[in-house]
Amino acid sequence: MCCSSEKRVRTRFAPSPTGFMHVGNLRTALYAYLLAKSRHGDFVLRIEDTDQARYVEGAVQVIYDTLARAGLRHDEGPDRPGAYGPYVQSERREIYKKYAEELVRKGAAYYCFCGKHEAEPEGEESVSDAACVCPCRSMDPAAAAEMASSGRPHVIRQKIDRSGVSVFTDAVFGEITIENKVLDDQILLKSDGMPTYNFANVVDDHLMCISHVVRGSEYLSSTPKYNLLYRAFGWEIPVYVHLPLIMGRNADGEISKLSKRHGSVSFENLLAEGYLPEAVVNYIALLGWSPKSDQELFRLEELAEKFDVSGLNKSPAVFDYGKLRWMNSEYIKMLSPEAFAEVARPFAALPEKLSSAWPKIAAILHQRTELLSEIPGKIAFLAEVPAFENDLFFNKKSKCSPETAREILTELIPRFEALEALTPEAVGGIISAYAESHGVKLGQPMWAVRIALSGLPVTPGGPGEIMDIIGKDESLKRLKAALERL
RNA sequence: GUCUCCGUCGUCUAGAGGCCUAGGACACCGGGUUUUCAUCCCGGCAACACGGGUUCGAAUCCCGUCGGAGAUGCCA
C-alpha cells in the first residue's frame, strides 16, 4: 500500500514523449520541481507514453536533455531508479488493467463494446457523450465480463452518477464547483489495453505517492472525474495545483494557447536561437508566478528557496519574446568573458583566418549581444567589407563627410603604416592626436576610419579593436581602398 | 451550444477596504555619459473592462453585463 501517512512532498513531471519540449510543459516541470524543492521533497519524472500513435523515436532523450539543461534534476525516473517504478507508463499496463478491473468489480466502471464514435457532423446540435447513455452501461456485469474475456474488443469506461455537483479545492483557483451532469463516462482503458491519461494519472499519482499534482489549468474541468476515481478506490486525493495557461499572440493580435505558430516554443528551438537556458528558466518562472518583490533575476536555487504556491497567478499569461530577450541579455552580461567566449563560439560561424582572433572578437561582442544567433550578422564585416556608398561617410553629429574623410584617411594611413602593431591603444592614440591637432571632435576621425574599415555605421568595437582583430595588412588594405574611392 | 475559469499600463506583474494622486520590470519616447551603436545613468508615456450595489471609504467584497481563455477525444 501507499504512503498516505507520509508527509513528504512529492511532485511529478509527466510529459508525453512527443519529440520536443514546449515551454509550457517546461514551466509546468519547473513549478513542480520548485514546489518539491522548496519543501525539501522529491521531484519525479514519469513518461506518459500511452498513446502509441504519437510515439516518437528518441523523444525520451529529448526530455532528459531538456531537464538536464534546465537544471531540473529529478530524484526518480526511468533513468534514476526509485521505489515506485517503473516510471514509464507503457511498462505499467498490467497495473492499470488490474485497477480498471477492480473498478468494474466495484461498480465504478463498466465494459463497453460500442466501438469508436464517429465524428459528429459540423454545425448540428452536437449530442455530447454526457447526454447519451451507452447501452453497455446497464449490461449485466457477469455477462459483460465474460464477453470481454472472450476476446471481444472493448474499452472500460468510468461509470459516473450524474446527479448533484462536485466540489473540490485547488491551491491556485480555490473552490471549484462543477455539475455532475456534464461529466461523461470517460474511457479509462482503451481497446489496445493502454490506459488513457485520465486513468493512468490517477493510478500512478497514487501509487507513486504524489502529494501535489501540478498541471495546466486545462485539467481543471476534468478534475471531478479524477476525484470520483480516487474515492472509488478509497484513495486520498492529492493537493491540486493548477497552473494558468501560457498564451501566444499571433500576427493579427489574437491570443490563444501558445503554439508553434507564435514562434519558437520549444526549449530546444529557443536554445538554438541563442537564448541561454538559465534565462529561459528564469523568464518562464515569472510567467504566472510572482516572488512578490521587485527582484526579477533569479538563479534556480534562489527560485527553489523563494517559491511559494501563493505567488501563482490565475489568469493566463502572454509569452513575451521581447522580455525574454532582455533577460537573456542580462544573463549574457553576467557571464565571465571566458564563459561568454565559450557559449558564443558555436554561433559565430567564423572563417578560418579569424578563428584565432576569437577571444578578441568575443570581447567586443560581449556587452552588445542580446541573442547569440545575432552574432554572425554583427561580425560578418570582419571577414569581408560589405558594399557601401560614400554617402555613409556623412555624419551629422561628428561633422564628418566624404571630403573630411578623405583628408583624415590621407593623413592617418601613413601613421598607421608606421606603427609596429595596430593595437587598440596605439590606434586610439593616433586618432586622438588627429582630433586634437585639427580641433575637431574625436567622433569625426573615428567615424571616417570606422566606415573605411567596416562599411558599416554600427560595429561592435571601435576602429582600434577592429584593426587589432583583422590585422595590419588587412586594415591598411581596407583604408587605402576606401581612400581610393573617395 | 453547454460547462468551468479568468479580467490592474501594449506585455509580465505588485496590490488581499483606507499606506494607491495604483508600485516594479520589458517595450516605447526623451535627456546625460560614451570612440558610432550598445552598455550604464536619469526622466517620461501608459492600467484598476463596464454598470450597479455594500461601506464613512473599493482596484480590493457582492450582483449583473461585456470581453477573453480552457474543457467538452480510445490526445495528454
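The model shown is predicted, which means the values in this text are computed figures rather than measured ones. Counting restarts for each chain, with residues numbered from 1 along the sequence as it is written. Chain letters start at A and ligand numbers start at 1, both assigned in the order the entries are written. In keeping with the model being predicted, local features are shown solely for residues with a pLDDT of at least 70 and side-chain atom pairs are shown and tallied solely at 80 or more, while totals for entire chains, interfaces and linings include all residues. The side-chain values count all of the structure's non-hydrogen atoms but skip hydrogen atoms and water molecules.

Moving on, we get to the packing of helix 15 (residues 424–438) against helix 17 (residues 463–470). Here the axes come from fitting lines to C-alpha atoms, over the contacting stretch only for helices, and the angles between their N-to-C directions go from 0 to 180 degrees. Helix and strand definitions follow DSSP, with helices as H or I runs of at least four residues and strands as E runs of at least two, each counted in order from the N terminus. It is at 8 Å that the axes of helix 15 and helix 17 come closest, and there the two elements cross at 135°. It follows that helix 15 is oblique to helix 17 by the angle criterion. Helix 15 and helix 17 meet at a crossing whose hand is right-handed. Mapping the contact onto sequence places Pro424, Val427 and Ile431 in helix 15 and Pro463, Gly464, Glu465, Met467 and Asp468 in helix 17. Note that Gly is not counted as nonpolar here; it falls among the polar residues with everything else outside the nonpolar set of Ala, Val, Leu, Ile, Met, Phe, Trp, Tyr, Cys and Pro and the charged set of Asp, Glu, Lys and Arg. When its residues are assigned to classes, the contact of helix 15 with helix 17 shows 5 nonpolar, 1 polar and 2 charged. Oblique is the label for any angle not covered by the other classes, which are roughly parallel (under 35 degrees), roughly antiparallel (over 145) and roughly perpendicular (65 to 115). Note on convention: the crossing is left-handed when the near helix lies turned anticlockwise from the far helix by less than a right angle, right-handed when the turn is clockwise. In what follows, residue pairs with any heavy atoms lying within 4.5 Å of each other are defined as contacts.

Attention now moves to the packing of helix 11 (residues 337–348) against helix 13 (residues 375–383). Between helix 11 and helix 13, the least distance of the axes is 10 Å, while the angle of their chain directions is 80°. Classified by the interaxial angle, the pair formed by helix 11 and helix 13 is roughly perpendicular. Residues Phe340, Ala344, Phe347 and Ala348 of helix 11 form the contact with helix 13, whose participating residues are Ile375, Pro376 and Ile379. Taken together, the residues of the contact of helix 11 with helix 13 break down into 7 nonpolar, no polar and no charged.

What follows covers the protein's contact with RNA strand B. Near, as used in this document, describes a residue that has one of its heavy atoms within 4 Å of the molecule or strand being considered. Near RNA strand B there are 60 residues, and of these Thr50, Lys190, Gly288, Glu296 and Arg368 occur at the shortest range. Any pair of nitrogen or oxygen atoms within 3.5 Å is treated as a polar contact; in protein, a donor-acceptor pairing is required on top of that, and neighbouring residues in sequence qualify only through side-chain atoms on both sides. Note that a phosphate oxygen of RNA strand B is positioned 3.3 Å from one of the side-chain N or O atoms of Asn313. With respect to RNA strand B, the side chain of Lys323 contributes an N or O atom lying 3.0 Å from a base nitrogen. At 5 residues, the largest contribution of residues to the surface near RNA strand B is made by helix 10 (residues 321–334). Its residues assigned to classes, the surface near RNA strand B comprises 23 nonpolar, 17 polar and 20 charged.

Let us now look at the packing of aromatic side chains. A pair of aromatic rings is counted whenever rings of Phe, Tyr or Trp (Trp by its six-membered ring) have centres within 6.5 Å, and the orientation is called stacked for planes under 30 degrees apart, edge-to-face for over 60 and tilted otherwise. One pass over the full model with this rule turns up 12 aromatic pairs. Residues Phe168 and Tyr240 carry aromatic rings whose centres are separated by 6.0 Å and whose planes lie at 75° to one another, so their mutual orientation is edge-to-face. Taken as a pair, Phe168 in strand 5 (residues 165–170) and Tyr240 in strand 9 (residues 239–243) lie far apart in primary sequence, 72 residues in all. Summary of the burial criterion: residues with accessible area below 20% of their type's maximum are buried, those above 50% are exposed, and those between are partly exposed, where the area comes from a 1.4 Å probe applied to protein chains only. Judged by its relative accessible area of 6%, Phe168 falls in the buried class. For Tyr240, a relative accessible area of 2% corresponds to the buried category. Taken together through their ring pairs, the aromatic side chains of Tyr31, Trp289 and Phe307 make up a single cluster.

Put simply, a salt bridge is a Lys or Arg side-chain nitrogen that is within 4 Å of an Asp or Glu carboxyl oxygen. As enumerated under the stated definition, the model contains 28 salt bridges in all. Across the pair Lys37 and Asp75 runs a salt bridge whose closest N-O atoms are separated by 2.8 Å. Remark: Asp75 occurs in the loop between helix 2 (59–70) and helix 3 (93–105) and Lys37 occurs in helix 1 (residues 23–38); sequence separation between them is 38 residues. Of the residues examined, Lys37 reaches a relative accessible area of 22% and is grouped as partly exposed.

Helix length check: helix 18 (residues 472–485) (14 residues) gives 20 Å between terminal C-alpha atoms against 20 Å at 1.5 Å per residue, within 8%. The set of residues buried in helix 18 consists of Ser475, Leu476, Arg478, Leu479 and Ala482. Here the buried residues of helix 18 occupy an arc of 160° about the axis, which is enough to place them on one side. In helix 18, those exposed residues whose orientation departs by more than 90 degrees from the buried face are Asp473, Lys477 and Glu484. One less than the residue count of a helix, multiplied by 1.5 Å, gives the span that helix is expected to have. Here, the arc refers to the directions that run from the helix axis to the C-beta atoms.

On to unusual backbone geometry, then. In this model, Gly85 is joined to Pro86 through a cis peptide bond whose omega is -5°. Considering the arrangement of structural elements, one finds Pro86 in the loop between helix 2 and helix 3. Its identity as a non-glycine residue notwithstanding, His40 has a phi of 55°, on the positive side. A residue is classified by how much of its surface remains accessible, and His40, at 66% relative accessible area, is exposed. Within the chain, Ala349 stands out as a residue other than glycine whose phi angle is a positive 50°. On the secondary structure map, Ala349 appears in the loop between helix 11 and helix 12 (358–365).

Residues Ile375, Ile379, Phe381 and Leu382 constitute the buried set of helix 13. Down the axis of helix 13, the buried set is contained in an arc of 145°. They therefore lie on one face. Against the buried residues of helix 13 lie helix 11, helix 12, helix 16 (443–454), helix 17 and helix 18.

We now examine the nonpolar core. Think of a nonpolar core as a cluster: buried Ala, Val, Leu, Ile, Met, Phe, Trp, Tyr and Cys residues, connected wherever their side-chain atoms sit within 4.5 Å. Leu72, Phe199, Ile361, Phe416 and Leu479 are the most contacted members of the largest nonpolar core, which totals 142 residues. In contact with Leu72, not counting residues within four places along its chain, are Leu26, Ala29, Leu30, Tyr33, Phe43, Leu67 and Leu300.

One requirement defines pairing of two strands: DSSP has to find at least two bridges between them. As summarised here, the arrangement of the 3 strands in space is 11-10-12, forming an open sheet in which the pairing is mixed. Looking at the sheet topology across the chains shown, the edges are occupied by strand 11 (255–257) and strand 12 (317–318).

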